[in-house]
Amino acid sequence: MITVTKTFFPPFEDYQAKLRQIWESGWLTNGGRLENELTLKVGQYLGVSHIELVANGMLALQLAIKALNLKGEIITTPYSYVATANAIVWEGCKPVFVDIDEKTFCIDPSLIEAAITEKTSAILATHVYGYPCDVEKIAEIAGRHNLKVIYDGAHCFGVKLDGQSLLVHGDISTLSFHATKIFHTAEGGAVVCRDENVSKRVYVIKRFGHFGEDDYQDIGINAKMSELHAAMGLCILPMMDQIIDGRRQISTLYDELIKDSQLYHLGAPQGVEYNYNYYPVLFPSHEDMMRARKALMDKDIYPRRYFYPSLNTLPYLQQAAYKACPVSESAAMRVLCLPIYYELQKEEIIKITGIILGTIK
Ligand SMILES: *Cc1c(COP(=O)(O)O)cnc(C)c1O
């Protein structure tokens, strides 16, 4: 069986050595040594100053919305994983969907201003697949209308734009370290803040709002990362350059194999140092995509429809928030993410593309 991604496991002995450290410390969670070490090292690897590790990427989004005191309407992308829209609704705000740019699949900045009302408090956009949103234009619009900006950076681990981490843009960027993501801690995530005071607030509200011994400062939740999770991250982090390089080679091979076909691989734009965490291809039609998908599944190969459905069509959001987003809806019906992971073999890639190309007329 070949799936869209395969969780990366570091050498067992490496993890075992970390477990021994945990056993010796007698400390499993609440700001443990490994969590502190991972916070420092991930911050250094990414090149960001204010980072708080959390229990998962969904909580990272919720904490971001809370830390910035967002209310009312939040302008967002329909082309992302459901967590993005769900976090907005879960925090009592209303998602206002703005269609995507057909070149990047990220929110189309030229459509944002028409969606701003007196209730708008922020823009929450996803750097989908790790392809950068138009951060300059979004910053300019946000500045003009006094809006906060959050980026769902769940796909952006290690991505650089013009030589700088993509995560430095916006008031807050969130990360997911879920087992299916390129860098993982089994479950985990992070909140990256531009402002140190906002980061301090995230630190407090991720631990119940409970600061020191008897200091209860704020309404918080529990979003802490345990030592067992941090240990996994510490084992994988030193291998990231190698992992990204392996994925780059897979992506290049796919590119060569599909270059003369009707399939369109989005790809990261110029000026982006990419992490190759997804390999999305767009088919000419929904029928073409479904036919290829079925042919693959018949051979025990499971690509994924990332991202489907277009979030503006989610049944439970229909009444509150439906607004047509034709570019996103069309993309969601035609896209397929092909298998890409460190251990994927050259022969398997040739087999996968062979099956797909055999279904395209
Ligand atoms: C994976 C993902 C999330 C959720 O992260 P978890 O760590 O699984 O909670 C949020 N947003 C996007 C875009 C994702 O891909």
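Cut-offs applied
For every chain, the first residue of the written sequence is number 1, and numbering continues from 1 along that sequence. pLDDT decides what is reported in this predicted model: residues at 70 or higher carry local features, side-chain atom pairs at 80 or more are listed and counted, and totals for whole chains, interfaces and linings draw on all residues regardless. Note that the side-chain values use all heavy atoms of the structure and ignore hydrogens as well as water. For patch detection, residues must exceed 30% relative accessible area and be free of salt bridges, and they are connected within 9 Å for like charges or within 5 Å for nonpolar side chains (Val, Leu, Ile, Met, Phe, Trp, Tyr). All accessibility values rest on the Shrake-Rupley procedure with a 1.4 Å probe; residue burial counts only the protein chains present in the view. Salt bridge, as used here: a side-chain nitrogen of Lys or Arg that lies within 4 Å of a carboxyl oxygen of Asp or Glu. Helical segments are the DSSP runs of H or I of at least four residues, strand segments are the runs of E of at least two, and each set is numbered from the N terminus. Relative accessibility decides the category of a residue: with a 1.4 Å probe and only protein chains considered, values under 20% of the type maximum give buried, values over 50% give exposed, and everything between is partly exposed. Site definitions follow a grid-based scheme: protein atoms alone, a 1 Å grid, a 1.4 Å probe that fits but cannot get out for cavities, and for pockets an open set with protein on both sides within 12 Å along at least five of seven lines, plus lining residues having an atom within 4 Å of a point. Grid points are joined across faces, edges and corners, and a volume is the space filled by probe spheres set on the points. Domain segmentation is taken from an automatic or database assignment of domains. Here, nonpolar core means buried Ala, Val, Leu, Ile, Met, Phe, Trp, Tyr and Cys residues that are tied together by side-chain atoms lying within 4.5 Å of each other. Contact definition: two residues touch when any of their heavy atoms are within 4.5 Å.

A. Region of interest: a nonpolar patch on the surface. A contiguous nonpolar patch, built from W23, L28 and L228 and spanning about 340 Å² of accessible area, is present on the exposed surface. Locating L228 in the fold gives a position in helix α7 (residues 227-236). On the basis of relative accessible area, L228 is assigned to the partly exposed category, the value being 32%.

B. Local environment of empty space enclosed by the protein. Going through the model one piece at a time under the given rule, you end up with two cavities of 30 Å³ or more. Space inside the largest cavity adds up to approximately 80 Å³. Around the largest cavity sit 13 residues that line it, and K6, F8, K181, I182 and R247 are the ones nearest its centre. When residues of the lining of the largest cavity are assigned to domains, at least three fall in each of domain 1 (2-98 + 105-238) and domain 2 (240-357).

C. Broad picture of the nonpolar core. Counting residues in each nonpolar core, the largest one holds 71 residues, and the members touching the most others are Y79 and Y129. Considering every element that reaches this core, the biggest residue donor is α7, with six residues. Residue assignment places this core across two domains, with domain 1 (2-98 + 105-238) and domain 2 (240-357) each supplying three or more. Not counting residues up to four positions away in its chain, the partners in contact with Y79 are I100, F105, V128, Y129, Y306, F307, S328, A331, A332 and V335. The next biggest cluster of nonpolar side chains, apart from the first, holds 25 residues, and it includes A60, A64, I74 and C93.

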